[in-house]
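Structural overview
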Amino acid sequence: MGDSYTLLDILIRLGLEDLQELARRSGSIASPSRRSLSAQVLAQYRDRNFIRRIVRALPKEAMGLLGFLVLLQDQSRQGLQGRTQWEDYPEQTQHLDALLHAGLLFHFPDENSEPIIPEEIIPAIRDTLLELEQNEPSVQEERLWGGTERILLMQFRLLAAVQKGRFRQTPANLLGKRELEQWLGELPNDVFPPNSIPNMIDPQTVADFLLSAGLQSGLIDRWKGELRITNEIFDWLRQDRGTLTKNLWNRFVRSVAIRYPAWYIPLFCAVYAAENEQVLWRISPSSATGYRGTLAVWLSWFGLVRVSRQAGGVIAVRTSAPVPWESGEKKSVEQGTTLGTLQPNFELMVSPDTPLDLLWEIERFADHDHTDVVSIYRLNRESIIRGLKDGLSADEIRNYIKNLTGNRIPQNVQFSLAEWFHSYGRVEVEEVLLLRCRDAQVAEEVLHISESEGYIRERLGPNLLAAEPEKIEQLIEMLERLGLTPVVRLSKRDGA
């Protein structure tokens, strides 16, 4: 959506003919005076019953689109920008035209604006749409699933899987079967609903949505057919979870929900219904209402909906959680808070409140086993060596574990950690270019050539020097230019 406009802002920008037409449709008395026409239109539009009558007269599809536009405009006002390419959805053109003709929507081509709904009439539109969508009566219910706010965990686990493995996409830019199974295998068992809840969710679709979000945010890129994590991940991890969820919600609305007009009114009610009107809609496995089951699953991952059973069937119930773009308060963890427990069996239990940047570091030296309420990791020699190879020092790994557990590390684990740390790096394997000088004096001469700085790595013996192998051509050229023409013996592998 574009900028926020009041009705007066809009009337000022309308041409005289457009203003006269708007006044005529609203039942105002014809007048050549812009001021008189504007005053009459303002008076009509401030009448909530007038707006209610207009909304009630709309076709059902146009009502749904109107609710969706209110949702987009509210997102924009909360700082979640993003232009909607309505030309990509030609089936909505007639409904946009109906809203423009009804005087509920305005557009200024000269300003290249999004469709605009005057701020003053949005409360009346909300009330009318909520009244028209008949909610199920609230009776005693049995909670079945959902309301879990799992979407950010699902995104984190996908990013962690990309970081650890060789992830590839299919020619159709989808996750391959192996990659999809790896991601699903690390998710909590209750992420997807049980079979008793009718829905049309395909895990591939969800994974591809999260993969697309990672690519569009610059967290993932493609290199030689493989997916890899970029350095942007570190800024992403430091953001508070509310902000990250906001961004995922924005992408969901604009890239997933926008494709299903049948979702518009249920989505509108899930966001705007009063908390005392908890039961939103009935879920049925029939083709006529199956989309509501799918939408309920998506909204559950954002914490907005849970699924319950009551007499007569399965229903979607609104939770007390605010919509994601209003829940951006940063949850701070007090210094010294114990976020994990390390067991003598090397099992590390990590709190769900653990900051994501710390959780990312844990992923580097511990194997993720599974996540339910808490995340379970396991320490072993292979995982610790992986962390050391990834650039962590023994002290850094030890300090991460100490800070996480409040310095409570079982003694047998301490002994094993010390052994694993000690075993790493006792032998170093390094590729170098060997310079064998005729004698120590020649080696000394080469070392003191100012141009050799950056070529020579270290002195290995009186007449042996180690040089950077990738700079062999520059090194040979320099030696020849200075009258120290070398005898070059390279392996066939190097193209000799």
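Summarised in this report is the structure supplied together with it.

Calculation criteria
Residues numbered from 1 in each chain as written. Predicted model: local features only at pLDDT ≥ 70, side-chain atom pairs only at ≥ 80, totals over all residues. Heavy atoms only, no water. Pairing = 2+ DSSP bridges. Helix = DSSP H or I, 4+ residues; strand = E, 2+ residues; numbered from the N terminus. Axes fitted to C-alpha atoms, helices over the stretch in contact; angles between N-to-C directions. Contact = heavy atoms within 4.5 Å. Buried < 20%, exposed > 50% of the residue type's maximum accessible area, 1.4 Å probe, protein only. Core = buried A, V, L, I, M, F, W, Y, C linked by side-chain atoms within 4.5 Å. Salt bridge = Lys/Arg side-chain N within 4 Å of Asp/Glu carboxyl O. Left-handed = near helix turned anticlockwise from the far one by under 90°. Nonpolar A, V, L, I, M, F, W, Y, C, P; charged D, E, K, R; others polar. Phe/Tyr/Trp six-rings, centres within 6.5 Å; stacked < 30°, edge-to-face > 60°. Polar contact = N/O pair within 3.5 Å; in protein donor to acceptor, adjacent residues only side chain to side chain. Parallel < 35°, antiparallel > 145°, perpendicular 65-115°, else oblique.

Some details on the sheet that holds strand S6 (residues 305-310)
Ordered in space as S1-S6-S7-S5, the four strands form an open sheet in which the pairing is antiparallel. Two strands close off the open sheet at either side, each with one partner strand: strand S1 (142-146) and strand S5 (279-283). The mean angle between the axes of side-by-side strands here comes to 30°, regardless of whether they run parallel or antiparallel. Sheet contacts for helix H13 (residues 264-272): S5, S6 and strand S7 (313-318); angle to S5, the most-contacted strand, approximately 145°. Sitting on the sheet, helix H14 (residues 290-301) touches S1, S5, S6 and S7, and the angle it makes with S5 is about 135°.

Considering the pairing of strand S12 (residues 433-436)
Looking along a regular strand, one sees side chains alternate from face to face of the sheet. In S12, alternate side chains face the same way, and those of Leu 433 and Leu 435 are buried while those of Leu 434 and Arg 436 on the opposite face are not. Pairing of S12 with strand S14 (residues 464-467), which is carried by four bridges, proceeds in the antiparallel orientation. Across the sheet, the residue bridging to Arg 436 is Leu 464, located in S14.

Quick notes on the nonpolar core
Formed by 133 residues in total, the largest nonpolar core has its most connected members in Met 154, Trp 236, Trp 249, Phe 252, Leu 299 and Trp 301. When sequence neighbours within four positions are dropped, the list of residues in contact with Leu 299 reads Trp 249, Phe 252, Leu 267, Ala 270, Trp 281, Leu 304 and Val 305. In terms of nonpolar packing, the next biggest core, distinct from the first, is built from 14 residues, Leu 435, Ala 443, Ile 449 and Leu 479 among them.

Topic: the pattern of salt bridges
All told, the structure shown has 24 salt bridges when counted by the stated rule. Residues Glu 363 and Lys 164 are paired through a salt bridge, measuring 2.9 Å at the closest nitrogen-oxygen approach. Taken as a pair, Glu 363 in helix H15 (residues 356-365) and Lys 164 in helix H8 (residues 151-164) lie far apart in primary sequence, 199 residues in all. Linking Arg 378 and Asp 369 is a salt bridge whose minimum nitrogen-to-oxygen distance equals 3.2 Å.

A few points about the packing of H13 against H14
Put simply, H13 and H14 touch, their axes get as near as 10 Å, and they point 35° apart. The hand of the H13/H14 crossing is right-handed. Here H13 contributes Pro 266, Leu 267 and Ala 270 to the contact with H14, which in turn contributes Arg 292, Leu 295 and Leu 299. Taken together, the residues of the contact of H13 with H14 sort by class into five nonpolar, no polar and one charged.

Brief notes about the packing of aromatic side chains
Per the stated rule, a full pass over the model turns up 16 aromatic pairs. Seen in terms of ring centroids, Phe 68 and Tyr 264 are 4.2 Å apart; in terms of plane orientation they differ by 15°. Their pairing is stacked. Here Phe 68, found in helix H5 (residues 60-77), pairs with Tyr 264, found in helix H13; they are 196 residues apart in sequence, far enough to count as distant. Residue Phe 68 is classed as buried on the basis of its relative accessible area, which comes to 0%. Judged by relative accessible area, which is 1%, Tyr 264 ranks as buried. Relative to Tyr 400, the ring of Phe 365 has its centre 6.3 Å away and its plane inclined at 15°; by these criteria the two rings are stacked. Taken as a pair, Phe 365 in helix H15 and Tyr 400 in helix H17 (residues 394-405) lie far apart in primary sequence, 35 residues in all. Tyr 400 gets classed as partly exposed once you look at its relative accessible area, which sits at 25%.

Concerning the side chain of Thr 245
Its place among the elements puts Thr 245 in helix H12 (residues 241-255). Thr 245 sits in the buried class, given a relative accessible area of 15%. A polar contact of 2.8 Å, which involves the side chain of Thr 245, links it to the backbone oxygen of Arg 241. Non-local contacts of Thr 245, meaning those with residues more than four positions away in its chain, are made with Ile 151, Leu 152, Phe 302 and Pro 324.

Let's talk about unusual backbone geometry
The residue Phe 346 is not glycine, and still its phi comes out positive at about 70°. Tracing the sequence through the fold places Phe 346 in the loop between strand S8 (340-342) and strand S9 (347-350). Using a relative accessible area of 17% as the deciding quantity, one classes Phe 346 as buried. Residue Asn 407 is not a glycine yet carries a positive backbone phi of 65°. Residue placement: Asn 407 occurs in the loop between H17 and helix H18 (411-423).

Side note on the packing of helix H4 (residues 48-56) against helix H7 (residues 122-132)
Helix-helix packing: each pair is described by the crossing angle between the helix axes and the interaxial distance. Direction vectors running N to C along H4 and H7 enclose 50°, while the axes themselves pass 9 Å from each other. Considering their axes alone, H4 and H7 lie oblique with respect to each other. As for the relative orientation of H4 and H7, their crossing is right-handed in sense. Judged by residue contacts, Arg 48, Ile 51, Arg 52, Val 55 and Arg 56 of H4 engage Pro 123, Ala 124, Ile 125, Asp 127, Thr 128, Leu 129, Glu 131 and Leu 132 from H7. Tallied by class, residues from the contact of H4 with H7 come to seven nonpolar, one polar and five charged.

Structural notes on the environment of Asp 127
With respect to the helices and strands, the residue Asp 127 is situated in helix H7. Owing to a relative accessible area of 28%, Asp 127 belongs among the partly exposed residues under this scheme. Non-local contacts of Asp 127, meaning those with residues more than four positions away in its chain, are made with Arg 48 and Arg 52.

Things to note about the sheet that holds S12
With antiparallel pairing, the three strands of this open sheet are ordered in space as S12-S14-S13. Unpaired on one side and paired on the other, S12 and strand S13 (456-461) mark the two borders of the sheet. Averaged over all pairs of adjacent strands, the angle between their axes in this sheet comes to 25°, without regard to strand direction. Across the sheet, helix H19 (residues 440-447) touches S13 and S14, and the angle it forms with S13 is around 160°.

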